[in-house]
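Descriptive structure summary
Residues per chain, in single letters:
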Amino acid sequence: MGRFDAPELVQRWQQLGEYSRIHDDITHMAMSHLNAKRVMDLCCSTGLLGRRLLDCLKLERVTWVDSSKPAIDAGLAANVIDCKYAYVMRVDRQSLAAFMGIIGRESLTAIVARRCMPELFGYDLQLGRDFAAAIAGAGVTQIFLEGRVPSPNAVNPLSSIDDEVEIFTAHYKDAYRYRNVAVLVKL
Ligand SMILES: C[S@@+](CC[C@H](N)C(=O)[O-])C[C@H]1O[C@@H](n2cnc3c(N)ncnc32)[C@H](O)[C@@H]1O
């Protein structure tokens, strides 16, 4: 298995139609529980998770968001990411209103977010709670989270999937679990 942004992962999809095994667990849960047709791949990197869900689940639309322009550009160049629905955006307190604008404009009702909650909200847990309230209010009914593998040396407050889920509990029920993946459903 490669690093999430390894060029080989994009090449293997482009040349062989192979999906990366790093996304197997969260894809498995999406195949079992996703009931939306328009989904955001939040912190998508080169976009491979969203592409897999778009193709395998016959979604109407995936919207890709990441702060890394090189990663989004690599996904665009390989046709992993559809340029109509790609956003280079650093999600933070300043951009939250603009982010919510995307959710509303694209009529998104589900978000997949693999291994990015520590980066997004680990140093501002209140921002995470505000984010949860905002997306719940905007009609996002399902969130698919994949957390990091627990490590005894972790310093980030969101170092496990349980910590990530906790951020959302005022608005979302912890409905299903599989390995480090949680499926949250709006209360
Ligand atoms: C560990 S990678 C996971 C990538 C992808 N979800 C996957 O599993 O293949 C974390 C990603 O989050 C992005 N990221 C980190 N902080 C971000 C922020 N504040 N807003 C948007 N993207 C961010 C990084 O650029 C990186 O692509």
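The preceding data block contains the structure.
Note that this is a predicted model, so its numbers are computed, not measured.

In terms of regular secondary structure, the chain is built from eight helices and seven strands. The C-alpha radius of gyration of the chain comes to 15 Å, within 12% of the 16 Å expected for a compact globule of 187 residues. In terms of overall dimensions, the chain has C-alpha extents of about 45 × 40 × 30 Å along its principal axes. Counting all 187 residues of the chain, 41% fall into the buried class. Partitioning the intrachain contacts of the chain with sequence separation of at least 6 by distance along the chain shows that 61% fall at a separation of at least 24.

Reading across from one edge, S3-S2-S1-S4-S5-S7-S6 is the order of the seven strands in this open sheet, with mixed pairing throughout. Each edge of the sheet is formed by a strand with only one pairing partner; in this case those strands are strand S3 (86-88) and strand S6 (172-178). When the angles between neighbouring strand axes are averaged without regard to direction, this sheet yields 20°.

This part covers the site of the ligand. Close contacts around the ligand come from 17 residues, with Phe4, Cys43, Ser45, Ser67 and Arg114 the closest. Taken together, the residues that form the shell around the ligand break down as eight nonpolar, three polar and six charged.

Looking now at the packing of helix H5 (residues 96-105) against helix H7 (residues 125-137). H7 packs onto H5 with a crossing angle of 30° between their chain directions and a minimal axis gap of 11 Å. By the angle class used here, H5 and H7 are roughly parallel. Between H5 and H7 lies a crossing whose hand is right-handed. Residues Leu96, Met100 and Ile103 of H5 touch H7, and the partners they reach there are Asp130, Phe131, Ala134 and Ile135. Grouping the constituent residues of the contact of H5 with H7 by class yields six nonpolar, no polar and one charged.

Here we come to unusual backbone geometry. For Cys43, which is not glycine, the phi torsion reads 60° and is therefore positive. Mapped onto the elements, Cys43 comes out in the loop between strand S1 (38-42) and helix H3 (48-56). For Ser45, which is not glycine, the phi torsion reads 55° and is therefore positive. Inspection of the secondary structure assignment puts Ser45 in the loop between S1 and H3.

Turning next to H7. Given a rise of 1.5 Å per residue, 13 residues ought to cover 18 Å, and the 19 Å separating the end C-alpha atoms of H7 matches this to within 8%. Of the positions making up H7, those classed as buried are Gly128, Phe131, Ala132 and Ile135. For H7, the angular spread of the buried residues around the axis is 100°, confining them to a single face. Across from the buried face of H7, at angles greater than 90 degrees, the exposed residues are Gln126 and Gly137. Looking at the buried positions of H7, the neighbouring elements they touch are H5, strand S4 (110-114), helix H6 (117-121), helix H8 (161-168) and S6. Gly139, located one to two residues past H7, shows a positive phi value of around 100°.

Mapped onto the fold, Leu108 is located in the loop between H5 and S4. The class of Leu108 is buried, set by 23 C-beta atoms lying within 10 Å. In this structure, the C-alpha to C-alpha distance between Leu108 and Ile135, residues 27 residues apart in sequence, is 9.6 Å. Other than its neighbours up to four places away in sequence, Leu108 contacts Arg38, Val39, Met40, Thr63, Ile103 and Val140.

Scoring rules and cut-offs
Once a new chain begins, its residue numbering starts again from 1 and follows that chain's sequence as written. Local features in a predicted model are, by the rule used here, given only for residues with pLDDT of at least 70; side-chain atom pairs are given and counted only at 80 or more, and totals for whole chains, interfaces and linings are based on all residues. We count a stretch as a helix when DSSP gives it H or I for four or more residues in a row; a strand needs E for two or more, and each element gets its number in order from the N terminus. Atoms counted for the radius of gyration: C-alpha only. Globule rule: 2.2 Å times residue count to the power 0.38. Buried, partly exposed and exposed are defined by the number of other C-beta atoms within 10 Å of a residue's own C-beta, namely 20 or more, between the two limits, and 12 or fewer respectively, with C-beta atoms placed from the backbone. What counts as a contact here is a pair of residues whose C-beta atoms, placed from the backbone, lie within 7 Å. Only strands that DSSP links by at least two bridges are regarded as paired with each other. Axes here mean lines fitted to C-alpha atoms, for a helix over just the part in contact, with angles spanning 0 to 180 degrees between N-to-C directions. Each residue receives a C-beta atom placed from its backbone. It is near a molecule or strand if this atom lies within 6 Å of it. Residues are grouped as follows: Ala, Val, Leu, Ile, Met, Phe, Trp, Tyr, Cys and Pro are nonpolar; Asp, Glu, Lys and Arg are charged; all remaining types, including Gly, are polar. Should an angle lie under 35 degrees it is considered roughly parallel, over 145 roughly antiparallel, and from 65 to 115 roughly perpendicular; all remaining angles are considered oblique. Helix crossings fall into two classes, left-handed where the near helix is turned counterclockwise from the far one by less than a right angle and right-handed where it is turned clockwise. Each residue after the first adds 1.5 Å to the expected span of a helix. Comment: arc refers to directions from the helix axis out to C-beta atoms.

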